[in-house]
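Below are the chains, spelled out letter by letter.
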Amino acid sequence: MENLARFKKILRTSVPLAMHTWLQLGGQVEYFAEPRSEDELIDLLQAAQKEGIELRFLGTGTNVLVSDSGVPGMVVRLSAPEFCKIDTDPASATVSVGAGAKLGRVITSAVYGGLAGLEGLIGIPGTVGGAVHNNISTSDGDIAQWIESVRVVRPGGEVAEFAGEHLDFAETDDPFENGIITACRFRLLPEEAEELSRRLQKIWILRKKGQPIGYQGAGWLFKDPSGASASELIDDAGLKGTRIGGAVICDRNPNFVLVEPECSSDDVHRLIRLIQTQVRERSGIELETDLTLW
Ligand SMILES: Cc1cc2nc3c(=O)[nH]c(=O)nc-3n(C[C@H](O)[C@H](O)[C@H](O)COP(=O)(O)OP(=O)(O)OC[C@H]3O[C@@H](n4cnc5c(N)ncnc54)[C@H](O)[C@@H]3O)c2cc1C
């Protein structure tokens, strides 16, 4: 792997992914890289491509389930300060952010700057990169409606800009064509900051009520199928509290799996399949997991 030799400062080998994911499960990855700038990222992706190394991208790992045997190739994470900047501009009603920035920080910074729109997503953990890649949503709407543009580095190292209005998450799981999102600009609506802060607090309190208590170690399982709630479908199938090994369906909101200390990744996989089968048999609806399975 001579092309990778020059990345010693940002590349580690045989890294356990459990410590980098929310569910803290699964095995190792061959290479784990944290580039410090976009130029370094481009250089790294080009070198990885020359070596034929498979690439995966990671935010805070809230929605990634790593297999017990680990994964081949390289995981790239944009945790360096260069990728975590947040620039709120009330004059143009935009917020420009690095993909590694935490979504919660972006939302509060927009709200304090008197910019409305993203507050409906408060309480969802993760980075902007993960949120945009997954087009996260709540009953208040999705994140895509606020995107003005997304900056992406393709696996071959080319930089591309995607305009928000051309992103079609309904058509494809990955409108970014396997590229890594490095930055995003949101166009929001000016609103009085104090009133907006009060609304944010109300939404935050309600959101917490619907989430497991002390939610580290709890995984969000399924997308809501159109016109239905995954959580209600699992509840209707009588599955609250169901356990496989150390993976348990949460009582408070059955669209979450709670991971106990002895849980394996395979336990979660088997629980997902059990839920899908039972919900299908009861309602005829096919639940699609929102977790990225590595
Ligand atoms: C308690 C809890 C509550 C949640 N509530 C909701 C909810 O209400 N609605 C909802 O929609 N989701 C919800 N989720 C899911 C989750 O928070 C989101 O999907 C989250 O935005 C993922 O962000 P992340 O940084 O952790 O991404 P990761 O989990 O690290 O990655 C998720 C996916 O995005 C890709 N990815 C990450 N970063 C990049 C990047 N820079 N470029 C390209 N691809 C990238 C990964 O490869 C992976 O496929 C919840 C999760 C939890 C644990």
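Residues numbered from 1 in each chain as written. Predicted model: local features only at pLDDT ≥ 70, side-chain atom pairs only at ≥ 80, totals over all residues. Heavy atoms only, no water.

### Some remarks on the packing of aromatic side chains
And step 1. Counting across every chain of the model gives three aromatic pairs.
And step 2. Ring geometry for Phe169 versus Phe176: centroids 6.0 Å apart, planes at 65°, classification edge-to-face.
And step 3. In this structure Phe169 comes out as buried when scored by relative accessible area, which is 17%.
And step 4. Pairing Trp220 with Phe256 gives two aromatic rings, centres 5.5 Å apart and planes at 65°, and the pair type is edge-to-face. Here Phe256 lies in strand β18 (residues 256–259) and Trp220 lies in strand β15 (residues 218–220), a separation of 36 residues in the sequence.
And step 5. Ring-pair connections join several aromatic residues into one group, and the members of that group are Phe162, Phe169 and Phe176.
And step 6. The ring of Trp204 carries Lys208 above its face, with NZ or CZ at 4.5 Å from the centroid. (Phe/Tyr/Trp six-rings, centres within 6.5 Å; stacked < 30°, edge-to-face > 60°. Buried < 20%, exposed > 50% of the residue type's maximum accessible area, 1.4 Å probe, protein only. Helix = DSSP H or I, 4+ residues; strand = E, 2+ residues; numbered from the N terminus. Lys NZ or Arg CZ within 6 Å of the ring centre and 35° of its normal.)

### What about helix α4 (residues 193–209)?
And step 1. With 17 residues, α4 should cover 24 Å at 1.5 Å per step; its first-to-last C-alpha distance of 25 Å lies within 8% of that length.
And step 2. Along α4, the residues that are buried comprise Leu196, Ser197, Leu200, Ile203 and Arg207. In a view along the axis of α4, the buried residues occupy a sector of 125°, so they form one face of it. Facing away from the buried side of α4 by over 90 degrees, the exposed positions are Glu194, Gln201, Lys202, Ile205, Leu206 and Lys209. (Expected span 1.5 Å × (residues − 1). Arc of directions from axis to C-beta.)

### Examining the domain arrangement of the protein
And step 1. Taken domain by domain, the protein consists of domain 1 (2–80), domain 2 (84–209) and domain 3 (218–293).
And step 2. The gap between the C-alpha centroids of domain 1 and domain 2 is 24 Å.
And step 3. With 17 residues of domain 1 at the contact, the number on the domain 2 side is 20 residues.
And step 4. Both faces combined, the contact of domain 1 with domain 2 buries some 1300 Å², and carbon together with sulfur accounts for 65% of it.
And step 5. Interface area lost by domain 1 to domain 2 is led by Glu38, Phe57 and Leu78, which between them contribute 35%.
And step 6. Linking domain 1 with domain 2 are one salt bridge.
And step 7. Note that Glu38 is salt-bridged to Arg151, the shortest N-O span being 2.8 Å.
And step 8. The tally of links from domain 1 across to domain 2 stands at two residue pairs in polar contact (both at pLDDT 80 or more).
And step 9. Secondary structure elements with two or more residues in the side of domain 1 that touches domain 2: α1 (38–50) and β3 (55–58).
And step 10. For the side of domain 1 that touches domain 2, the leading source of residues is α1, giving six residues. (Domains from an automatic or database assignment. Contact = heavy atoms within 4.5 Å. Buried area = accessible area lost by both parts, 1.4 Å probe. Salt bridge = Lys/Arg side-chain N within 4 Å of Asp/Glu carboxyl O. Polar contact = N/O pair within 3.5 Å; in protein donor to acceptor, adjacent residues only side chain to side chain.)

### A look at the environment of Leu103
And step 1. Mapped onto the secondary structure, Leu103 falls in helix α2 (residues 103–112).
And step 2. As for Leu103 and Val128, which are separated by 25 residues in sequence, their C-alpha atoms are 5.2 Å apart.
And step 3. Beyond its immediate sequence surroundings of up to four residues, Leu103 is in contact with Leu121, Ile124, Gly126, Thr127, Val128, Ala131, Ile136 and Ile143.

### Notes on the site of the ligand
And step 1. Taken together, 32 residues sit near the ligand, with Phe57, Gly59, Thr62, Asn63 and Thr127 positioned nearest.
And step 2. Between the ligand and Thr62, the relevant distance is 2.4 Å, taken from an oxygen atom to a side-chain nitrogen or oxygen of the residue.
And step 3. Within the backbone of Ile181, an N or O atom sits 2.8 Å from a nitrogen atom of the ligand.
And step 4. Expressed as a share of its isolated accessible area of 990 Å², the protein-covered part of the ligand is 96%.
And step 5. The greatest single-element share of the shell around the ligand, amounting to five residues, is contributed by helix α3 (residues 128–134).
And step 6. When the residues that make up the shell around the ligand are grouped by side-chain class, the tally is 16 nonpolar, 16 polar and no charged. (Near = heavy atom within 4 Å. Areas by Shrake-Rupley, 256 points an atom, 1.4 Å probe, with all protein chains shown as cover. Nonpolar A, V, L, I, M, F, W, Y, C, P; charged D, E, K, R; others polar.)

### Regarding α2
And step 1. Those residues of α2 not exposed but buried are Leu103, Val106, Ile107, Ala110 and Val111. One side of α2 holds all its buried residues, which, seen down the axis, span an arc of 130°.
And step 2. In this structure, the buried side of α2 is in contact with β6 (86–89), β7 (94–98), β8 (115–116), α3, β13 (180–187) and α4.
And step 3. Where α2 terminates, the next one or two residues include Gly114, which has phi positive at roughly 75°.

### Some words on the nonpolar core
And step 1. In this structure, Met74, Leu118, Val132, Ile143, Val150, Phe176 and Phe186 are the most contacted members of the largest nonpolar core, which totals 58 residues.
And step 2. Met74 has contacts with Leu4, Leu11, Val29, Tyr31, Ala33, Leu44, Ala48, Ile53, Glu54, Leu55 and Arg56, leaving out every residue within four places of it along the chain.
And step 3. One finds Leu25, Ile234, Ala247 and Val257 within the second-largest nonpolar core, a separate group that totals 23 residues. (Core = buried A, V, L, I, M, F, W, Y, C linked by side-chain atoms within 4.5 Å.)

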